[in-house]
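Here are the chains, one letter per residue:
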Amino acid sequence: MQKTVTSPLPPRDEAYNFAYLDEATKRMVRRALLKAVAVPGYQVPFGSREMPLARGWGTGGIQVTAAVIGPDDTLKVIDQGADDTTNAVSIRRFFARVAGVATTEATADATIIQTRHRIPEAPLEAGQILVYQVPQPEPLRKLESSEAETRKMHAWGDYGPMYVRLYEDIARFGHVATTYSYPVLVNGRYVMSPSPIPKFDNPKMHMSAALQLFGAGREKRIYAIPPWTEVKSLDFEDHPFEVQKWDEPCALCDAADSYLDEVITDDLGGRMFVCSDTHYCEGRRDAGHRGRLLGTDAGRALTRNEE
Amino acid sequence: MQSISSRSPLGKGFGDPVLASQRCFRLILAAMSEPGTVQLLGEAVEAPAHVSPAATLVLLTLVDHETPVWLAPGLDAAAPYLRFHCGAPVVDVPSAAAFALVDGSSGELDLGAFNSGDDRYPDRSTTLVVACAAFEGGQGVTLSGPGIQGTRTVSPSGLDGGFWPMVAASNARYPLGVDLILSAGERIMAIPRSTRISVPTEAG
Ligand SMILES: [Zn+2]
């Protein structure tokens, strides 16, 4: 893979072990990762460690990345689809410092992508690893608060209550109301939470060429989807799964195939819809695609230094 | 290639434990993620007697004081090496082992003797490092399942005639079962329990 590295290779801070974690912790996480890959969608317990970032900043994902990453990797970190949020910048700086790795905003140039809330719009490639930061790994938790009970339900494939809950939505609203963390069935066996990605992204998990790893720090769980694995969003024959759709394309790059965020543009109720994946949007604009508000004041407020 | 340490009769472990184990892990992860692919673990290592460099590197990467190891008869010379380099307890009972080092050519190999996890904790199962002769020249078997786009045919050699039917039967118990890392020379190939195995029936 040709690398266009956005940032120069940083010096590694030798005061820390490579990638911060000690070797015994890395081995423990690595063993959990291999079991997670061998049983796709099953949540493997692991001995989560404290990390030098506040909880809620994705300590599970960071531990997974730390156990996997090497000096030759190129890391991309996204939060809500954007590379430039505080959370994404902090995690990227952390790994630049403790592992001396190159970082990038370009999806195609990354060997490891750590994410919260989104899967990039550009299709992932074989050899890439997508690491999800997961706040709540248990898809059955809203139905059953006891860990012993949810573990039994997974053990026996007792997912009837989950289908009942989804069907109750259909009875009340005419459709399944869940739009984030929409549950999936992995390899025909385990119901899994895809973490709080929009259901728009669920189809990207199915038969992906990339390896997908999930880390939940507070809940101490690791799970995985190997490449080329069946991932099916739960649905019903008379109410098939559908992703969100928008009435208009991205106001900046005119994309009609990406997940759009609503942005308020003024005090008078003006609003626009723009790509959540900032790198994807920039790439389309660089390629000459122009949305209806590109170049206007409202558009300029969102496009950094571009014309 | 590398000089034998004059201090230890055991042979050297990783030259650079931090980065070499990271490189090995990524290759083991790639092997487990894409069953049937062959990965080259190219790190320099002095393997114990009758153990391949690849099998040695897998154990150095994953095994420590938290992971009891079982050694098949004939491979017990590896015990002092694993105690010294990994601090790993070597156990007598296969079902107590987190990792096992076995010989795929042996008709004595019994996957049922190992821990296949339980339905609430299928992860608490044994990972077997299985010696074979090479990754070509043997009976072809067809793999499918997670990590495989369509099907993949593999033909490792030096495996007992009962090996693949036994693995196929073990994997039919999914999500219970054991995960295999085949090793030959400096190469590995993983067959996790999620892989479905189709063994051609012998003609005549
Ligand atoms: Zn856009």
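Rules behind the numbers
- Residues numbered from 1 in each chain as written.
- Chains lettered and ligands numbered in written order.
- Predicted model: local features only at pLDDT ≥ 70, side-chain atom pairs only at ≥ 80, totals over all residues.
- Heavy atoms only, no water.
- Helix = DSSP H or I, 4+ residues; strand = E, 2+ residues; numbered from the N terminus.
- Rg over C-alpha atoms; globule rule 2.2 N^0.38 Å.
- Contact = heavy atoms within 4.5 Å.
- Lys, Arg positive; Asp, Glu negative; His and termini not counted.
- Charge placed at Lys NZ, Arg CZ, Asp CG, Glu CD.
- Axes fitted to C-alpha atoms, helices over the stretch in contact; angles between N-to-C directions.
- Parallel < 35°, antiparallel > 145°, perpendicular 65-115°, else oblique.
- Nonpolar A, V, L, I, M, F, W, Y, C, P; charged D, E, K, R; others polar.
- Donors = N, O, S within 2.8 Å, 3.2 Å for Na, K, Ca; no water.
- Tetrahedral: all angles 85-135°; square planar, octahedral: opposite > 155°, others 65-115°.
- Buried < 20%, exposed > 50% of the residue type's maximum accessible area, 1.4 Å probe, protein only.
- Salt bridge = Lys/Arg side-chain N within 4 Å of Asp/Glu carboxyl O.
- Polar contact = N/O pair within 3.5 Å; in protein donor to acceptor, adjacent residues only side chain to side chain.
- Buried area = accessible area lost by both parts, 1.4 Å probe.

**What to know about the overall build of chain A**
- Counting its regular elements, chain A contains 8 helices and 12 strands.
- Taking 19 Å as the expected radius of gyration for a compact globule of 307 residues, we find that chain A reaches 20 Å, a close match to that expectation.
- In terms of overall dimensions, chain A has C-alpha extents of about 60 × 55 × 35 Å along its principal axes.
- Taking as baseline every contact in chain A between residues at least 6 positions apart, the subset at least 24 positions apart corresponds to 64%.
- Across chain A, the mean location of the 36 positive side-chain charges is 7 Å away from that of the 42 negative side-chain charges.

**Considerations on the packing of helix H1 (residues 23-38) of chain A against helix H1 (residues 17-33) of chain B**
- Look at H1(A) against H1(B): their axes get within 10 Å of each other, and the N-to-C directions meet at 5°. Of the possible angle classes, the one that applies to H1(A) and H1(B) is roughly parallel. Mapping the contact onto sequence places A:Glu23, A:Lys26, A:Arg30, A:Leu33, A:Leu34 and A:Val37 in H1(A) and B:Pro17, B:Val18, B:Ser21, B:Gln22, B:Phe25, B:Ile28, B:Leu29, B:Met32 and B:Ser33 in H1(B).
- Residues of the contact of H1(A) with H1(B), tallied by class, amount to 9 nonpolar, 3 polar and 3 charged.

**Thoughts on the coordination of the zinc ion**
Residues and elements named next belong to chain A.
- Of the protein atoms, only Cys250 (SG), Cys253 (SG), Cys275 (SG) and Cys281 (SG) coordinate the zinc ion, at distances of 2.2 to 2.3 Å.
- One way to put it: the 4 donor atoms around the zinc ion meet at angles of 106 to 116°, and that makes the site tetrahedral.
- Between consecutive donor residues of the zinc ion, the sequence gaps follow C-x2-C-x21-C-x5-C. No difference in accessibility class separates cysteine 275 from cysteine 281, as the two residues are buried.

**Digging into the side chain of A:Lys199**
Residue and element names in this part refer to chain A.
- Its location among the elements puts lysine 199 in the loop between strand E7 (190-192) and helix H6 (202-205).
- Here lysine 199 sits buried without a salt bridge, and the closest side chain of opposite charge, glutamate 242, lies 6.6 Å off (N-O distance).
- A distance of 3.3 Å separates the side chain of lysine 199 from the backbone oxygen of glutamate 242, its partner in a polar contact.
- Those residues in contact with lysine 199 that lie beyond four places of it in its chain are Val176, Thr178, Thr179, Tyr182, Phe241, Glu242, Val243 and Gln244.

**Observations concerning the interface of chain B and chain A**
- Listed by partner, the interface residues are 39 residues for chain B and 39 residues for chain A.
- Of the roughly 3300 Å² buried between chain B and chain A on both sides combined, carbon and sulfur atoms contribute 61%.
- Residues A:Lys35 and B:Asp179 are paired through a salt bridge, measuring 2.8 Å at the closest nitrogen-oxygen approach.
- Our count for the chain B to chain A interface comes out at 15 residue pairs in polar contact (both at pLDDT 80 or more).
- Those elements that place two or more of their residues in the side of chain B that touches chain A are H1 and helix H2 (53-62) of chain B.
- With 11 residues, the single largest contributor to the side of chain B that touches chain A is H1(B).
- A per-class count over the side of chain B that touches chain A returns 17 nonpolar, 12 polar and 10 charged.

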